[in-house]
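Per-entry structural report
Below, each chain spelled out in residue letters.
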Amino acid sequence: MITHFNRRRTLLRCLVSASLLLYAYSSAGYAADIGRFGYGLTLNQLTVDDPNGDGGDTIALGYLNFFYVGKLWRDTQYYAEFSHIESEITASGGTIGQDVSSTGFRAMLQERLRLSATLKPWVGAGLGVYQQEFTRRHTVDGGGFLTGTFPNRDVTQFVLSFDAMHEWAFNDAIDIALRLKYDLGFNDGVDGLSASVILLY
């Protein structure tokens, strides 16, 4: 009960922080650029750095990804992203089983590469901060029987991110983007690759 309350409180704090960040970015942009908002679905390959052993990895779908994209110059843009994801890692002979939750936001700066008339990807880098929780941490033997448990962990994870993104115009109001991203964490938290489909309007 306390864990669920803490998760809701953490999620609320991150939502407020993300809203303030989006407002700051939009206020700092040119007056003529009202920016674009977006929503994305993300397929994540997550790897857990666990101080007690092999944290394992998992594939997880993230469906809470919200964006604000603003233009700085003709071929330079930025975006702020809020995301939340939950997943479960199954314990095996050498892997610590656990539930993983990550909530936070990142800010990215991108440059457009004009490779051809139709191929103009955005590439960029940025920083993020995430509140990550690891619960029900345990190990099992070869037969699947419980052999040990570990305390829950809470980590504030700072992340260095690199991405590449391409956009296509769906109509006059909506663009569709495909993004590939790699996150490198600085703490014993979550790293990983991801692919996102994003609607921008």
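Since the structure is predicted, the reported quantities are computational estimates derived from the model, not experimental observations.

With 12 of its 14 residues buried, strand 3 (residues 76–89) lies for the most part within the structure. Counted between consecutive antiparallel strands, the loop separating strand 2 (residues 53–73) from strand 3 contains 2 residues. Sheet analysis places strand 3 next to strand 4 (residues 97–112), joined by 14 bridges and oriented antiparallel. Opposite S83, over in strand 4, you have G104 as the bridge partner.

Looking now at a nonpolar patch on the surface. A surface patch of nonpolar side chains, about 700 Å² in accessible area, is lined by Y39, L41, L43, I59, L61, Y63 and F66. Put simply, the parts of the chain that give the nonpolar patch at least two residues each are strand 1 (36–50) and strand 2. Among the elements that take part in the nonpolar patch, strand 2 stands out by supplying 4 residues, more than any other. Examined against the element boundaries, L61 turns out to sit in strand 2. On the basis of relative accessible area, L61 is assigned to the exposed category, the value being 52%.

To continue, consider unusual backbone geometry. A positive phi angle, close to 50°, is found at R136, a residue other than glycine. R136 sits in the partly exposed class, given a relative accessible area of 49%.

This part takes up the packing of aromatic side chains. A full pass over the atoms with the stated rule returns 4 aromatic pairs. When the centroid spacing of 6.5 Å and the interplanar angle of 40° are considered together, the rings of Y68 and Y78 count as tilted. With Y68 in strand 2 and Y78 in strand 3, this residue pair connects regions lying 10 residues apart in the sequence. Neither Y68 nor Y78 differs from the other in exposure class; each is buried. A network of ring pairs unites the aromatic residues F37, Y68 and Y78 as a single cluster.

What follows deals with the pattern of salt bridges. Evaluation of the coordinates by the stated rule reveals 12 salt bridges. Between E167 and R36 there is a salt bridge; the shortest N-O distance is 3.0 Å. Here R36 lies in strand 1 and E167 lies in strand 7 (residues 153–169), a separation of 131 residues in the sequence.

What counts and what doesn't
- Residues numbered from 1 in each chain as written.
- Predicted model: local features only at pLDDT ≥ 70, side-chain atom pairs only at ≥ 80, totals over all residues.
- Heavy atoms only, no water.
- Buried < 20%, exposed > 50% of the residue type's maximum accessible area, 1.4 Å probe, protein only.
- Helix = DSSP H or I, 4+ residues; strand = E, 2+ residues; numbered from the N terminus.
- Pairing = 2+ DSSP bridges.
- Patch = residues over 30% accessible without salt bridge, like charges linked within 9 Å, V, L, I, M, F, W, Y side chains within 5 Å.
- Areas by Shrake-Rupley, 256 points an atom, 1.4 Å probe, with all protein chains shown as cover.
- Salt bridge = Lys/Arg side-chain N within 4 Å of Asp/Glu carboxyl O.
- Phe/Tyr/Trp six-rings, centres within 6.5 Å; stacked < 30°, edge-to-face > 60°.

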